[in-house]
Amino acid sequence: MTNRKYLPILLSFFLSYPAFSQTPKVNPDRLHESLMKLSTFGKNAAGGSDRVAYSSYDLHAREYVQGLMKEAGLDVSIDFAGNIIGRKAGKNPNLKPIAFGSHIDEVPNGGDYDGPVGSMGAIEVVRTFSENNITTDHPLEVIIFANEEGGVVGSRALAGALSEDALQVVSNSGVTQYDGIKLLGGNPERIPELKRNPGDLAAYLELHIEQGGILDAEKLDIGVVEGIVAIEWWEFTFAGKANHAGTTPMNKRNDPMLPAAQFVLAVNEIVNSYEGRQVGTVGKIQAFPGAGNVIPGEVKVNVELRDLSSEKIWKIYADIEARGKQLALESQTELAIKHIEVASKPALADPEIRKVIQAQAEKLGYGTKSLPSGAGHDAQEMARIAPMGMIFIPSKDGISHAPAEYSSKADIANGANVLLHTILELDKLLK
Ligand SMILES: [Zn+2]
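Residues numbered from 1 in each chain as written. Predicted model: local features only at pLDDT ≥ 70, side-chain atom pairs only at ≥ 80, totals over all residues. Heavy atoms only, no water.

Student: Hey, could you run me through the packing of aromatic side chains in this one?
Tutor: Aromatic ring pairs are described here by two measures, namely the spacing of the ring centres and the angle between the planes. Tallying each qualifying case throughout the model produces nine aromatic pairs. The ring of Tyr64 has Lys37 sitting right over it, with the charged end atom 6.0 Å from the ring centre. (Phe/Tyr/Trp six-rings, centres within 6.5 Å; stacked < 30°, edge-to-face > 60°. Lys NZ or Arg CZ within 6 Å of the ring centre and 35° of its normal.)

Structure follows, in structure tokens:
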């Protein structure tokens, strides 16, 4: 029975049902244009971005972003931590929201892509849904987090992990987090009310630049993030005897620089002796008193280890500690070791979400690789309260947090398409 009267209804049904419409794709030009416009807020003479959180650049950029979110059909509000939240109702109000987003603040003299790609990508996905008349079953929530670069402040607030002390820390723009959040329209006093509990969100997804050179070097399109690594820091202090560099004979010295120098090499050797993608770095050494004509009395060496497994980090550390003690013994210096609290636990991506990201990227014809994130992200905080997934796109030459940070228009669009299809697939899978 074909009745003309029903034709428009039937047609709109088929068009609104994703399986019957063509594979929806984001608009690469529109997405890129929004990124370029965003990059004008805080652009400095060196070509970098000074859009640090709470600065006037940040405030103006947030106005621009809120406008885009409204245009995309999102219901926009600012939460107590200053996060910009954009909500779109789903067909089934009983389902928990699928959340996705990133940040738009930068480090001083930073780039244009770390944060903005995931933020503009998230908004472009919602625009594409609207254009294609796609309404998901789950409500959608786009989150543009407050002050990511100054301590993952907004996401930590949502995870209920932002301490009162942290609010008194002075951020990159020179104001405390407390005052900065007020500038964003938040209310720092009421942040505890923001805490979301596990189960409050169906999932959290974040598109981000890799900030490493792996995808770029291997000419791959998409990184399926395994998780965000844990970071541990230690300070090793070798103590000997400070003395005159000219009058103390070589055989009468108790020079802590010697075991410290051997120790630096040992850290590298030990970290390399393990299979896997762990990294270990000595990025800071200090000699005291630190004068060219004085044998140092004390040398401090900072050791940093990163890996997806805390257990592995501590296993490697045990070897490093043993070697340090041995070097101190052999050189007759004293060794003191201090573990420095950086409070960064590993945050693993949800295995099911990883599979979905992988499958959707393959379906779209993109080359993929699973890899850990060596840098911290809002996603690490969100992983405390929701199943988390992260999508990486290539960073040219692995450069980030610098004006030369760059990802191509095509790579950005690919990442946004994977985000879009991951949301659609999770919308079907998660009930
Ligand atoms: Zn970032």
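Student: Help me understand helix H11 (residues 351–363) in this model?
Tutor: Residues spaced three or four apart along an α-helix face the same direction, because each turn holds 3.6 residues. Its 13 residues give H11 an end-to-end C-alpha distance of 18 Å, which sits within 8% of 18 Å, the value for a rise of 1.5 Å per residue. At its buried positions, H11 is contacted by strand S5 (203–209), strand S6 (222–228), strand S14 (368–373), strand S15 (388–393) and helix H13 (409–429). One side-chain oxygen at the N-terminal end of H11 lies 3.1 Å from the backbone nitrogen of Glu352; it belongs to Asp350. Once H11 finishes, Gly365 follows within two positions and takes phi at roughly 85 degrees, a positive value. (Helix = DSSP H or I, 4+ residues; strand = E, 2+ residues; numbered from the N terminus. Expected span 1.5 Å × (residues − 1). Contact = heavy atoms within 4.5 Å. Polar contact = N/O pair within 3.5 Å; in protein donor to acceptor, adjacent residues only side chain to side chain.)

Student: What am I meant to see in the packing of H11 against H13 here?
Tutor: At a minimum axis distance of 9 Å, the contact between H11 and H13 shows a crossing angle of 125 degrees. Classified by the interaxial angle, the pair formed by H11 and H13 is oblique. Here H11 runs over H13; the crossing is right-handed. Residue-level contacts link Ile353, Val356, Ile357, Gln360, Ala361 and Lys363 of H11 to Val418, His421, Thr422, Glu425, Leu426 and Leu429 of H13. (Axes fitted to C-alpha atoms, helices over the stretch in contact; angles between N-to-C directions. Parallel < 35°, antiparallel > 145°, perpendicular 65-115°, else oblique. Left-handed = near helix turned anticlockwise from the far one by under 90°.)

Student: Would you explain the environment of Leu305 in this entry?
Tutor: Structurally, Leu305 can be placed in strand S11 (residues 298–307). We classify Leu305 as buried; its relative accessible area is 2%. Measuring from C-alpha to C-alpha, the distance between Leu305 and Ile320 comes to 11 Å, with 15 residues separating the pair along the chain. Sequence-distant contacts of Leu305, defined by excluding residues within four places in its chain, comprise Ala230, Ile231, Glu232, Trp234, Val271, Val279, Gly280, Ile313, Ile316, Tyr317 and Ile320. (Buried < 20%, exposed > 50% of the residue type's maximum accessible area, 1.4 Å probe, protein only.)

Student: What is the right way to read the nonpolar core from this model?
Tutor: Across soluble globular proteins, nonpolar side chains have a tendency to be buried as a group. Core analysis: the largest hydrophobic core is formed by 53 residues, its most contacted members being Val65, Met69, Phe100 and Val142. Excluding its chain neighbours within four sequence positions, the residues that come into contact with Phe100 are Ala122, Val125, Val126, Leu140, Glu141, Val142, Ile143, Tyr204, Leu205, Leu419 and Ile423. (Core = buried A, V, L, I, M, F, W, Y, C linked by side-chain atoms within 4.5 Å.)

Student: Would you mind showing me how to read unusual backbone geometry here?
Tutor: A cis amide bond links Phe288 to the next residue, Pro289, at an omega of 5 degrees. You can see Pro289 is positioned in the loop between strand S9 (279–288) and strand S10 (294–295). Here the phi dihedral of Lys219 falls at roughly 55 degrees; this positive angle occurs in a residue that is not glycine. Position of Lys219 relative to the elements: it lies in the loop between helix H8 (214–217) and S6. Looking at Lys219, the relative accessible area reads 71%, which means it is exposed.

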